[in-house]
Amino acid sequence: IITERGEYKMADKKLIGTFFETASSAVIECLGRTGMDYVIIDTEHGYFTEDSVVDYIRSAENVGILPYVRIGDFRRPYVLRMADIGARGLIIPNIKTPEQVKEIVSYAKFAPIGDRGFCPTRISGWGADQWAADNNNYMEECNRRLKVIPQCETKEAFENIEEIASIEGVDGIFIGPCDLSISLGVPLQFDSPVLLDAIEKILNTCKKYGKESYIFCGDRETAAVRLEQGFDAVACGLDASVLTAAYKDIVESLR
Ligand code: 3PY
C-alpha cells in the first residue's frame, strides 16, 4: 500500500514528525493513531540494522505516516536500497560539502536530475509498467515522492548552505540544532545567539530557494515556536525519549 497522506503542497499544512529509535513496529502503529505526518526511521543513531527498515516502512504505510529514513551510510547501494524499499524521504546527517550532497542526489533521483539505477522493486510493485501507466511517468513520480533532505548540522554545511540549498534534487534542509550547536562552538546552548542566528539564516535560505525547512525540537514548546517562526516541518522528540518522559511523569506522580 502506498498511502496518499502527506501529498499536499508545503504551504497547505505543516508537517509534524518524530525520530524512531525503539525498533518496534508497534510504536509506529501507535504513532499512526496520533495524527502525526511523518516518522524518521533513524539508521544513523538507531541500533537496528538496515534489514529491518522495510518492516518499519510497511508499518508506517499501513497507518498512513510518511516513512523517512535517516541514512547511516552514504554509499550508493545503501541509498538505492532505501529508495527502492519505499523511503519517502532521505535525511542525510553530518554532511559538509555540496559535492557530498550532489553525489547522494545522483543515487536517489532518476535522470534528468540524477542517475538512479532502474529495476522493478518493492516501490514499483515489482514491475514498473503498471505503476507508470497509473502515474504517467514512473521515474518522474519517484523523483517527486522521494525527498532528499540534507541535514545542516555542521559548521561547514552552514557555511555552504546557499550552495547546498540551491542544488537541484534537494527538496529540503533539516536543521539538527544539537550537532549544529556543538559544531558552532556553543554546545547544546539552545538560546545562544550564535545558534539562533544560524537557524534563522538557514530558514531564510530555504525560503529563498523554495526548499522545505525542517528542524528537530526537543519539546513541544520549542516546536510551537519554530512553526510560528515559519518552519514547514518539525521533528519533535524521539519516540524512546517521549515514552520515557511520559512514564517517568506517571511514576513520579504516583510515588
Ligand atoms: C541534532 O539536533 O543534531 C539532530 O540531528 C537531531 O537529532
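Source: prediction; values computed, not measured.

Enquirer: Tell me about the pattern of salt bridges, residues and numbers included.
Expert: The tally for this structure, following the rule as stated, stands at 15 salt bridges. Salt-bridge contacts for Lys13 lead to Asp37; the nearest nitrogen and oxygen are separated by 2.6 Å. Separated by 24 residues along the polypeptide, Lys13 in the segment before strand 1 (15–20) and Asp37 in the loop between helix 1 (25–32) and strand 2 (38–42) bring together distant segments of the chain. Asp37 gets classed as buried once you look at its relative accessible area, which sits at 3%. For Lys248, the salt bridge identified is with Glu252, shortest N-O distance 3.3 Å. Here Lys248 pairs with Glu252, and both are found in helix 12 (residues 239–254), just four residues apart, close to one helical turn.

Enquirer: Can you lay out the site of the ligand for me, pointing to particular residues and giving the numbers?
Expert: In the region of the ligand, the neighbouring residues are Phe19, Arg70, Gln151, Glu153, Gly176, Pro177, Cys178, Asp179 and Phe216. Gly176 is positioned with one of its backbone polar atoms (N or O) 3.5 Å from an oxygen atom of the ligand. Between the ligand and Cys178, the relevant distance is 2.8 Å, taken from an oxygen atom to a main-chain nitrogen or oxygen of the residue. In isolation the ligand exposes 230 Å². Once the protein is present, 91% of that is buried. In terms of residue class, the shell around the ligand is made up of four nonpolar, two polar and three charged.

Enquirer: Any details on the environment of Ser253? Residues and values, ideally.
Expert: For Ser253, the position within the fold is in helix 12. At 2.8 Å, the side chain of Ser253 forms a polar contact with the backbone oxygen of Ile250.

Enquirer: Explain the sheet that holds strand 6 (residues 172–175) to me, using residue names and the numbers behind them.
Expert: In spatial order, the strands read 1-2-3-4-5-6-7-8; together these eight strands close into a barrel with parallel pairing. The average angle at which neighbouring strand axes cross in this sheet is 25°, direction not considered. Relative to strand 6, strand 5 (residues 147–152) runs parallel, the two sharing two bridges. Within the sheet, the bridge partner assigned to Cys152 lies in strand 6 and is Ile175. Set on the sheet, helix 12 makes contact with strand 1 and strand 8 (233–238); between it and strand 8 the angle comes to about 55°.

Enquirer: Outline the state of the cysteines, supporting the account with residue identities and numerical values.
Expert: As used in these notes, a disulfide is a covalent bond between sulfur atoms, one from each of two cysteines. In total, this model carries zero disulfides according to the counting rule given. For Cys142, which is in no disulfide, the shortest distance to another cysteine sulfur is to Cys119 and amounts to 12 Å. On the accessibility criterion, Cys142 (5% relative accessible area) is buried. The closest cysteine sulfur to the non-disulfide-bonded Cys206 is located on Cys152, 8.6 Å from its own sulfur.

Procedures and definitions
- Residues numbered from 1 in each chain as written.
- Predicted model: local features only at pLDDT ≥ 70, side-chain atom pairs only at ≥ 80, totals over all residues.
- Heavy atoms only, no water.
- Salt bridge = Lys/Arg side-chain N within 4 Å of Asp/Glu carboxyl O.
- Helix = DSSP H or I, 4+ residues; strand = E, 2+ residues; numbered from the N terminus.
- Buried < 20%, exposed > 50% of the residue type's maximum accessible area, 1.4 Å probe, protein only.
- Near = heavy atom within 4 Å.
- Polar contact = N/O pair within 3.5 Å; in protein donor to acceptor, adjacent residues only side chain to side chain.
- Areas by Shrake-Rupley, 256 points an atom, 1.4 Å probe, with all protein chains shown as cover.
- Nonpolar A, V, L, I, M, F, W, Y, C, P; charged D, E, K, R; others polar.
- Pairing = 2+ DSSP bridges.
- Axes fitted to C-alpha atoms, helices over the stretch in contact; angles between N-to-C directions.
- Contact = heavy atoms within 4.5 Å.
- Disulfide = S-S within 2.5 Å.

Taken by themselves, the reported measurements are silent on function.
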